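Single-letter residue listing:
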Amino acid sequence: MLRQIEKMSCAGQIINTHEKPLSVARKHSVLAANTEWVAMVDDDMLLPSDWLEKVTSAIEPGIGAIGTVAVHKNRHVAAYERVVGTVYNLSNLDTNPHINNIIILRKLMENYNPPKLFFGEDQYFKRYVLKSGYRWKVLPFLGATHLGTSKDYVTIGVSYRRYGHFGFYKLARRMAARLLLTPFAGLSNLSMVTFWYLTKLNVQFLAGFAKEYITEKF
């Protein structure tokens, strides 16, 4: 990743951190920069050489952060995203901020109080940017690839309920889309493994969400 960024023609100061949790690392690293806009890129991303040039060209008044749609290296997840993209523009999805490859106004981090969590921090941060009076823009696919491994979807479900990322409307919308489109993802890969893999993730997410809801009530 560092070598990729170093080759970008308009790249300036590069800050590499291993601080944890990730939400705190993002804040401290951005504030260590000395430019108005700062790129935040996860270390498991692959970016084309013109990524920074294209993303910065989309800066407009009123925008606080700009990300790009990234494809997933995991063939099962990529199949689902491919199917979703045939029926809906992925850059317009309000549930995926694509925080793993964005540029952001540095000053927005000054008053940001990051939660000490990993899963769902992107949703929390996006809400903060919007509440600050700025827009969060997502560009179509420009060549970014996410190499990350699969996450614990039970923990993700817990986080999405605990921190209010999803209400019951968004949960119902997500589960309906997953129920409808998961079979097509399996067909697109001609693989039952893809179908069962995605089904497992769907069940895990719902179980985590339900677990946290029950904990709240009892």
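Before going into details, it helps to say that this report is about the structure given with it.

### Points about the overall build of the chain
Next up, step 1: Along its length, the chain carries eight helices and seven strands.
Next up, step 2: Across the 218 residues in the chain, those meeting the buried criterion constitute 45%.
Next up, step 3: By sequence separation, contacts in the chain at least 24 residues apart represent 78% of the contacts at least 6 residues apart.
Next up, step 4: As displayed, the chain offers around 11,900 Å² of accessible surface, 58% of which is attributable to carbon and sulfur atoms.
Next up, step 5: Across the chain, the centroid of the 27 positively charged side chains sits 6 Å from that of the 17 negatively charged ones.

### Things to note about the pairing of strand β5 (residues 101-105)
Next up, step 1: Counting buried positions over the five residues of β5 gives five, a clear majority of the element.
Next up, step 2: Of the two faces of β5, both are covered, the one formed by Asn101, Ile103 and Leu105 as well as the one formed by Ile102 and Ile104.
Next up, step 3: Of the strand pairs in this sheet, strand β3 (residues 63-68) and β5 are connected by three bridges, and their pairing is antiparallel. Looking at the pairing, Ala65 lines up with Ile104 of β5.

### Observations concerning the packing of helix α4 (residues 75-87) against helix α7 (residues 168-189)
Next up, step 1: Contact pair α4 / α7: the axes reach a minimum separation of 8 Å and the direction vectors enclose 115 degrees. For the element pair α4 / α7, the angle class is roughly perpendicular. Every pair of crossing elements has a handedness; the one defined by α4 and α7 is right-handed. Taken together, the residues of α7 that come into contact with α4 (itself represented by Arg75, His76, Ala79, Tyr80, Arg82, Val83, Val84 and Val87) are Ala177, Arg178, Leu181, Thr182, Phe184, Ala185, Ser188 and Asn189.
Next up, step 2: Residues belonging to the contact of α4 with α7 are distributed by class as follows: nine nonpolar, four polar and three charged.

### Observations regarding helix α6 (residues 153-162)
Next up, step 1: Most of α6 sits out of view: seven of its ten residues are buried.
Next up, step 2: Along α6, the residues classified as buried are Tyr153, Ile156, Gly157, Val158, Ser159, Tyr160 and Arg161.
Next up, step 3: Contacts made by the buried residues of α6 are with α5 (121-131), α7 and α8 (192-217).
Next up, step 4: Gly164 sits one or two positions beyond α6 and adopts a positive phi of about 70 degrees.

### Let's talk about the nonpolar core
Next up, step 1: Met40, Ile66, Ile102, Ile103, Ile104, Phe125 and Trp136 are the most contacted members of the largest nonpolar core, which has 31 residues in total.
Next up, step 2: Elements that contribute at least two residues to this core include exactly β1 (37-41), α3 (51-56), β3, β5, α5 and β6 (135-139).
Next up, step 3: In terms of residues, this core owes the most to one element, β5, which gives four residues.
Next up, step 4: Val83, Phe119, Met175 and Leu201 belong to the second largest nonpolar core, which has 19 residues in total.

### Things to note about the packing of α6 against α8
Next up, step 1: Direction vectors running N to C along α6 and α8 enclose 45 degrees, while the axes themselves pass 7 Å from each other. The angle between α6 and α8 falls in the class oblique. Handedness of the α6/α8 crossing: right-handed. Contact residues: Tyr153, Val154, Ile156, Gly157, Val158, Tyr160, Arg161 and Arg162 in α6; Leu201, Gln204, Phe205, Gly208, Phe209, Lys211, Glu212, Tyr213 and Glu216 in α8.

Calculation criteria
Residues numbered from 1 in each chain as written. Predicted model: local features only at pLDDT ≥ 70, side-chain atom pairs only at ≥ 80, totals over all residues. Heavy atoms only, no water. Helix = DSSP H or I, 4+ residues; strand = E, 2+ residues; numbered from the N terminus. Buried < 20%, exposed > 50% of the residue type's maximum accessible area, 1.4 Å probe, protein only. Contact = heavy atoms within 4.5 Å. Areas by Shrake-Rupley, 256 points an atom, 1.4 Å probe, with all protein chains shown as cover. Lys, Arg positive; Asp, Glu negative; His and termini not counted. Charge placed at Lys NZ, Arg CZ, Asp CG, Glu CD. Pairing = 2+ DSSP bridges. Axes fitted to C-alpha atoms, helices over the stretch in contact; angles between N-to-C directions. Parallel < 35°, antiparallel > 145°, perpendicular 65-115°, else oblique. Left-handed = near helix turned anticlockwise from the far one by under 90°. Nonpolar A, V, L, I, M, F, W, Y, C, P; charged D, E, K, R; others polar. Core = buried A, V, L, I, M, F, W, Y, C linked by side-chain atoms within 4.5 Å.

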